[in-house]
Amino acid sequence: MGNLLRILSDKSHQPRPDFYLDFEGARPTEEEKEVYDEVAAVLESSKAILAELQSYTGASDEIRQAISNPGNDEMQKRAWDAVTPSVLHLKNYFEYSSSIESIVPKVFGFLTAGPESVLSRLEDHQAIAKQLAHILQFTLSFDDMKMTNPAIQNDFSYYRRTQSRWRMKAQQAGDAEGQSGEVVSNEMANRMSLFYANPTPMLKTVSDSTSKFVEENKDIPVENTGDVLSTLAELCRIMIDSPSHRERFQSPETVLFCFQVMVGNIILYDHTQPAGVFSKKCPIDIRQCVRLLQEGREENPDHQREIDSLINALKYTTKHLNDEATPKQVKQLLS
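The structure contained in this document is the topic of the report that follows.

What counts and what doesn't
- Residues numbered from 1 in each chain as written.
- Predicted model: local features only at pLDDT ≥ 70, side-chain atom pairs only at ≥ 80, totals over all residues.
- Heavy atoms only, no water.
- Core = buried A, V, L, I, M, F, W, Y, C linked by side-chain atoms within 4.5 Å.
- Buried < 20%, exposed > 50% of the residue type's maximum accessible area, 1.4 Å probe, protein only.
- Helix = DSSP H or I, 4+ residues; strand = E, 2+ residues; numbered from the N terminus.
- Contact = heavy atoms within 4.5 Å.
- Axes fitted to C-alpha atoms, helices over the stretch in contact; angles between N-to-C directions.
- Parallel < 35°, antiparallel > 145°, perpendicular 65-115°, else oblique.
- Left-handed = near helix turned anticlockwise from the far one by under 90°.
- 1 Å grid on protein atoms, 1.4 Å probe; cavity = no way out; pocket = protein on both sides within 12 Å on 5 of 7 lines; lining within 4 Å.
- Points joined across faces, edges and corners; volume = space filled by probe spheres on them.
- Nonpolar A, V, L, I, M, F, W, Y, C, P; charged D, E, K, R; others polar.
- Polar contact = N/O pair within 3.5 Å; in protein donor to acceptor, adjacent residues only side chain to side chain.
- Phe/Tyr/Trp six-rings, centres within 6.5 Å; stacked < 30°, edge-to-face > 60°.

### Focus: the nonpolar core
By size, the foremost hydrophobic cluster in this structure holds 101 residues, and its most contacted members are Phe23 and Ile100. In terms of residue count, helix α5 (residues 73–112) provides more of this core than any other element does, 15 residues in total. With near-sequence residues (within four places) excluded, Ile100 lies in contact with Val42, Leu43, Ile135, Phe138 and Val206.

If you want it as structure tokens, here you go:
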């Protein structure tokens, strides 16, 4: 354990640590099982949500035609009928964010509680660490798809602009309920607007939930939550950089998973820790993390797009990159 502590504070990365975090095979102990199962029940839907989001096409054509022909009632109706099923999907994603929000404090509560060090709890409770990794992977993937698909924001904006018009038509027809085709209430639509207006809505959900956990648990040292994030990011970096660790991966996809988890922890650390991830006092070796990402995109041609997205996430979704205190070398690496 002392060796690992020295490794995590040694920027030379020599010697390699013995701590292998088994993302592929970690199974919950009896102590972990309750929290693990609660998180697993939520994450069970994550792949289906990402698959839906990836194939999201929206109603761009119908909306364009309706806007170009404001006097054509048939085109207005066609656009409304096309956009309402999409909004239902967006409502489901928004509601799922509340489920993610609810499990984040349970994971941090487990990993930061008790007399042991954070490092010990991560090593001894790898199944819960794996669940946190999956939450962060989902968060990055969701936000990447949302940011690169303008139809999501456009569909919801159009729905909001025309919602009152269709409600008024229904009232004029003497049917104030149901026939307007509204699929979300006005109150729900207001909350969804705030969610989708954010460029990285799932990150904001996880970040806010993490910050709330820190604020509400005064008995847990404030630094413990940051230690979870920084240690997990460093472990991922070391595992990616260590041939002996990579040889233990059962799937080639595990390398990409480690990249995603490393970046997810970096970004969440930057959003929840006052000094941010680019501070010289931050235990994450950010320059080596960026170097690995740059090398990784060349070494993994099948995952270049995903790794490019991770580099862009560091550029555009971190909070402190452009601070004056951020070293120039780091800014240049991400320029």
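Next comes the rest of the description.
### Side note on the packing of helix α4 (residues 60–68) against α5
Look at α4 against α5: their axes get within 8 Å of each other, and the N-to-C directions meet at 150°. Judged on the interaxial angle alone, α5 and α4 are roughly antiparallel. Here the hand of the crossing between α4 and α5 comes out left-handed. For the pair formed by α4 and α5, the contact residues are Glu62, Ile63, Gln65 and Ala66 on the first element and Met75, Gln76, Arg78, Ala79, Ala82 and Val83 on the second.

### Quick word on the side chain of Gln76
Among the structural elements, Gln76 can be located in helix α5. Leaving out residues up to four positions away in the same chain, Gln76 has contacts with Ala66, Asn69, Pro70, Tyr158, Arg165 and Trp166.

### Thoughts on the layout of surface pockets
What the largest pocket holds in volume is close to 990 Å³. Around the largest pocket, the lining comprises 42 residues; the ones closest to its centre are Leu50, Gln137, Phe138, Ser141 and Gln260. Those elements giving two or more residues to the lining of the largest pocket turn out to be α2 (30–43), α3 (46–54), α7 (126–147), α13 (253–272) and α15 (304–316). Broken down by element, the residue count for the lining of the largest pocket peaks at 11 residues, all from α7. When the residues that make up the lining of the largest pocket are grouped by side-chain class, the tally is 17 nonpolar, 15 polar and 10 charged.

### With respect to the environment of Glu187
Here Glu187 is to be found in helix α9 (residues 186–197). Spatially, the C-alpha atom of Glu187 lies 22 Å from that of Lys146, the residues being 41 residues apart in sequence.

### Topic: the side chain of Asp144
Inspection of the secondary structure puts Asp144 in helix α7. Reaching out from Asp144, the side chain makes a polar contact with the side chain of Arg305 at a distance of 3.2 Å. Once you skip the residues sitting within four places of it in the chain, Asp144 turns out to touch Arg305 and Ser309.

### A word on the packing of aromatic side chains
Given two aromatic rings, one states the distance between the centres and the angle between the planes to describe the pair. Going through the model one piece at a time under the given rule, you end up with 12 aromatic pairs. Ring centres 5.4 Å apart and planes at 70° place the aromatic pair Phe94 and Phe195 in the edge-to-face group. Separated by 101 residues along the polypeptide, Phe94 in helix α5 and Phe195 in helix α9 bring together distant segments of the chain. The two residues Phe94 and Phe195 agree in class, both being buried.

### Concerning the environment of Asp270
Examined against the element boundaries, Asp270 turns out to sit in helix α13. Once the C-alpha coordinates of Asp270 and Arg191 are considered, the two residues, 79 residues apart in sequence, prove to be 25 Å apart. Sequence-distant contacts of Asp270, that is, excluding residues within four places in its chain, are made with Gly276, Val277, Phe278, Thr318, Lys319 and His320. From its side chain, Asp270 meets the backbone nitrogen of Val277 in a polar contact 2.7 Å long.

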